[in-house]
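Observations on chain architecture
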Amino acid sequence: MFARLKTWITDAVQTPPSPLQYMRLGPEGRDANPLMLQFFTWDCLHDTLSWWKHFETEVPRLAELGFTQVWLPPPNKAAEPTGRGYDAYDLWDLGEFDQKGTVRTRWGTREELLQACKVAKEHGIDIIIDAVLNHKLGADRVEAFQAVPVQPDNRLRDAGPAREIEGWTAFDYPGRGEKYSALRWTQQYFTGVDWDHKTKTKGIFRITAPKHKGWSRNVDNELGNYDFLLGVDIDHRHPAVQEDLLSWGKWVMETTGAPGFRLDAIKHIDRKFLLHWIQETRRRSGLKDMFVVSEYWSGNLKLILPYIRAFKGETAFFDVPLHMNFHQASRERTRYDLRRILRETIVQVKPNDAVTFVDNHEVEGQSLESWVGDNFKVQAYALILLRGYGYPCVFYGDLYPNRECYNENIARNIILLIDARRMFAYGSTEDYLADRNCIGFVRKGDATHKGCAVVLSNKEEGSDSFVHELRMNVGIENAGSVYGSHMTQHGRVEIDAEGWGLFSCFANNVQVWSNLKDGEQ
């Protein structure tokens, strides 16, 4: 009894490790100022190449830019030939078997994927696998079983009596057979469905057949209980399910060489299982520093913090509240007070748990309408790429030509900011919150980099001619030096004997200043 009490007290007061301080953010030797790229948009396809081949051809350039990790779209077979993989049919089929009307996935064949992963590793880039563990779609046949319809806005309330329904819950995998995994998924492994084929009725149905436990309690309490998201909801409490998903985690890492995961839709997955899955996958793979970042989509920091605590430092989290601040800043334009841009964000309160981003596939082309407008996108990227807190992730749609969201001028400026991150963004960060429409910060540098000064503005009135000036201290070690502008040419700032300089920035723009002796022309 006393031993259990001692363990409980130790666990209660012990501070969990900070994910970004121990997890692998890139190959050894390339982990100074690491940088992630999300290499896809929601609707992306290449005109002439498979997506995996397109990625392979871009690897040398990405390595040169300084990217150390690339988050790829889900590599598994989808329910439809053009499915993105979030409509997960078979996790074990990476584009190898003739299933769901195709051998290849939307992204290409297994051989193309593995070749791209091989080239990435050769160039010092780690692959991050997008793991869709919450649900399945595209079953091979229906099964009849007892289920109860529940209210969509409160899944804890029944919307009618139990009845026999027919659900698409039988996954036979006729193309794969028993290769890699012998588990054939049936209704016993699921908690709910969203379609009764018997009555052709759409809804949310909780399976009540024998041995079913109902919704998991270890999920988000939005809508009463948010275990069910879509499709056919997996019961992560079933031992056979747990073992299959654990085996897949180790297998997909060994197959692709990927040392980490992005976990999709974690608010809908049993927390106890997911924590065990991360810990056990680390153990089975032998990678104690395995990278994991989780998607909990909410702009409310108070809802995310309990999840951060529950996962005990085993995963980082995408900083959705910061993204929402960026979105709000782009909507309010000049009315937005830049001095509060970091308030109520993960990067502000738990910087070593935060993967920061500006936009991603969740907000582009889908129902989550929080797109960051072009008027604030470069400022947002300056904040995530050049400050010393959080781990930034760049979005493919902002960097590469595409039909959904590309702006050539923004992409050019993002590349300049990425260059500045690689060359100058080192050392501690000192903020200068001068004005509601103009803020700045200084990176103090380290033993081999002199750092930089950054000024950003969201002032639109007189943006063609107005120039902000912000007095900041870059350190007495830079006294007497000259700083040059990075985003535009020919700007110069003289540093006085105490390390102070008057740094400027055009209205509604970003400027980065660096010591001309530190490599800037």
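Reference entry: report on the structure contained in this document. (Residues numbered from 1 in each chain as written. Predicted model: local features only at pLDDT ≥ 70, side-chain atom pairs only at ≥ 80, totals over all residues. Heavy atoms only, no water.)

So, about helix 6 (residues 271-285). Compared with an ideal rise of 1.5 Å per residue, which puts 15 residues at 21 Å, helix 6 spans 21 Å between its outermost C-alpha atoms and is within 8% of the ideal. Among the residues of helix 6, Phe273, Leu274, Leu275, Trp277, Ile278, Glu280, Thr281 and Arg282 are the ones counted as buried. Sitting at the head of helix 6, Asp270 places a side-chain oxygen 3.0 Å from the backbone nitrogen of Lys272. A positive phi of about 80 degrees marks Gly286, the residue just after helix 6. (Helix = DSSP H or I, 4+ residues; strand = E, 2+ residues; numbered from the N terminus. Expected span 1.5 Å × (residues − 1). Buried < 20%, exposed > 50% of the residue type's maximum accessible area, 1.4 Å probe, protein only. Polar contact = N/O pair within 3.5 Å; in protein donor to acceptor, adjacent residues only side chain to side chain.)

Okay, the state of the cysteines next. Each disulfide is one covalent bond, formed between the sulfur atoms of two cysteines. Within this structure, the stated rule accounts for zero disulfides. You can see Cys117 has no disulfide; the closest cysteine sulfur is in Cys44, sitting 16 Å from it. For Cys117, a relative accessible area of 3% gives the class buried. With no disulfide of its own, Cys438 lies closest to Cys505 among cysteine sulfurs, the gap being 6.2 Å. (Disulfide = S-S within 2.5 Å.)

For the rest of this paragraph, the subject is the packing of aromatic side chains. Applying the stated criterion across every chain, the model contains 35 aromatic pairs. Here Tyr180 and Trp251 contribute two aromatic rings whose centre-to-centre distance is 4.9 Å and whose plane-to-plane angle is 45 degrees, an arrangement assigned as tilted. You can see Tyr180 sitting in the loop between strand 9 (163-170) and strand 10 (190-196) and its partner Trp251 sitting in helix 5 (residues 239-256), a full 71 residues away along the chain. Accessibility expressed as a relative area gives 13% for Trp251, which makes it buried. On the basis of an interplanar angle of 35 degrees and a centroid distance of 5.6 Å, the ring pair of Trp185 and Phe190 is categorised as tilted. In this pair, the class of Trp185 matches that of Phe190, namely buried. Through a chain of ring-to-ring contacts, three or more aromatic side chains come together here, namely Phe39, Phe40, Trp51, Trp52, Phe55, Trp71, Trp107, Trp297, Phe318, Phe357, Tyr396 and Tyr400. In this structure, Arg340 packs its charged tip against the face of Tyr336, placed 4.3 Å from the ring centre. The residue whose ring lies beneath Arg387 is Phe441, and the NZ or CZ to ring-centre distance is 5.7 Å. (Phe/Tyr/Trp six-rings, centres within 6.5 Å; stacked < 30°, edge-to-face > 60°. Lys NZ or Arg CZ within 6 Å of the ring centre and 35° of its normal.)

Another aspect to go through is unusual backbone geometry. Not every positive phi belongs to a glycine, and Tyr173 is a case in point at roughly 50 degrees. For Tyr173, the location among the structural elements is in the loop between strand 9 and strand 10. The exposure class of Tyr173 is buried, given its relative accessible area of 1%. Phi at Lys211 is positive, roughly 75 degrees, even though this residue is not glycine. In this fold, Lys211 is placed in the loop between strand 11 (201-207) and strand 12 (232-234).

Two faces make up the sheet, and in a regular strand the side chains alternate between them. Of all six residues that make up strand 25 (residues 510-515), six are buried, and the element is covered over most of its length. Sheet topology places strand 20 (residues 452-457) next to strand 25; four bridges connect them, and they run antiparallel. Within the sheet, the bridge partner assigned to Val455 lies in strand 25 and is Gln511. (Pairing = 2+ DSSP bridges.)

The strand order 18-19-20-25-22-23 describes an open sheet built from six strands, whose pairing is antiparallel. A single partner strand is all that each edge strand has here, and the edge strands are strand 18 (429-435) and strand 23 (492-494). When strand polarity is set aside, the average angle formed by the axes of neighbouring strands in this sheet is 20 degrees. As defined by bridge partners, strand 22 (residues 482-485) adjoins strand 23 across three bridges and the pair is classed as antiparallel. Bridge pairing links Tyr483 to Val493 in strand 23. (Axes fitted to C-alpha atoms, helices over the stretch in contact; angles between N-to-C directions.)

A separate point is the packing of helix 5 against helix 6. Here helix 5 crosses helix 6 at 45 degrees, and the two axes come no closer than 9 Å. Between helix 5 and helix 6, the angle is such that the two are oblique. Relative to helix 6, helix 5 is oriented so that their crossing is right-handed. Residues Gln242, Glu243, Leu245, Leu246, Ser247, Trp248, Gly249, Lys250 and Met253 of helix 5 pack against Phe273, His276, Trp277, Glu280, Thr281, Arg284 and Ser285 of helix 6. Across the contact of helix 5 with helix 6, the residue classes tally to six nonpolar, six polar and four charged. (Parallel < 35°, antiparallel > 145°, perpendicular 65-115°, else oblique. Left-handed = near helix turned anticlockwise from the far one by under 90°. Contact = heavy atoms within 4.5 Å. Nonpolar A, V, L, I, M, F, W, Y, C, P; charged D, E, K, R; others polar.)

Quick look at the sheet that holds strand 16 (residues 354-357) now. Spatial ordering of the closed barrel is given by 1-2-5-13-14-15-16-17, a layout of eight strands whose pairing is parallel. Mean inter-strand twist for the sheet, computed between neighbouring axes without regard to direction, equals 25 degrees. As paired elements, strand 1 (residues 36-38) and strand 17 (residues 391-395) share three bridges and run parallel to each other. The partner of Met36 across the bridge, within strand 17, is Cys393.

Alternating positions in strand 13 (residues 260-263) separate into two faces, Gly260 and Arg262 on one and Phe261 and Leu263 on the other, with burial throughout. Pairing of strand 13 with strand 14 (residues 291-294), which is carried by four bridges, proceeds in the parallel orientation. Within strand 14, the residue paired with Leu263 across the bridge is Ser294. Read from strand 13 through helix 6 to strand 14, the crossover connection turns out right-handed. (Right-handed = clockwise from strand over helix to strand, strands pointing away.)

Just distances and angles here, no functional claims.
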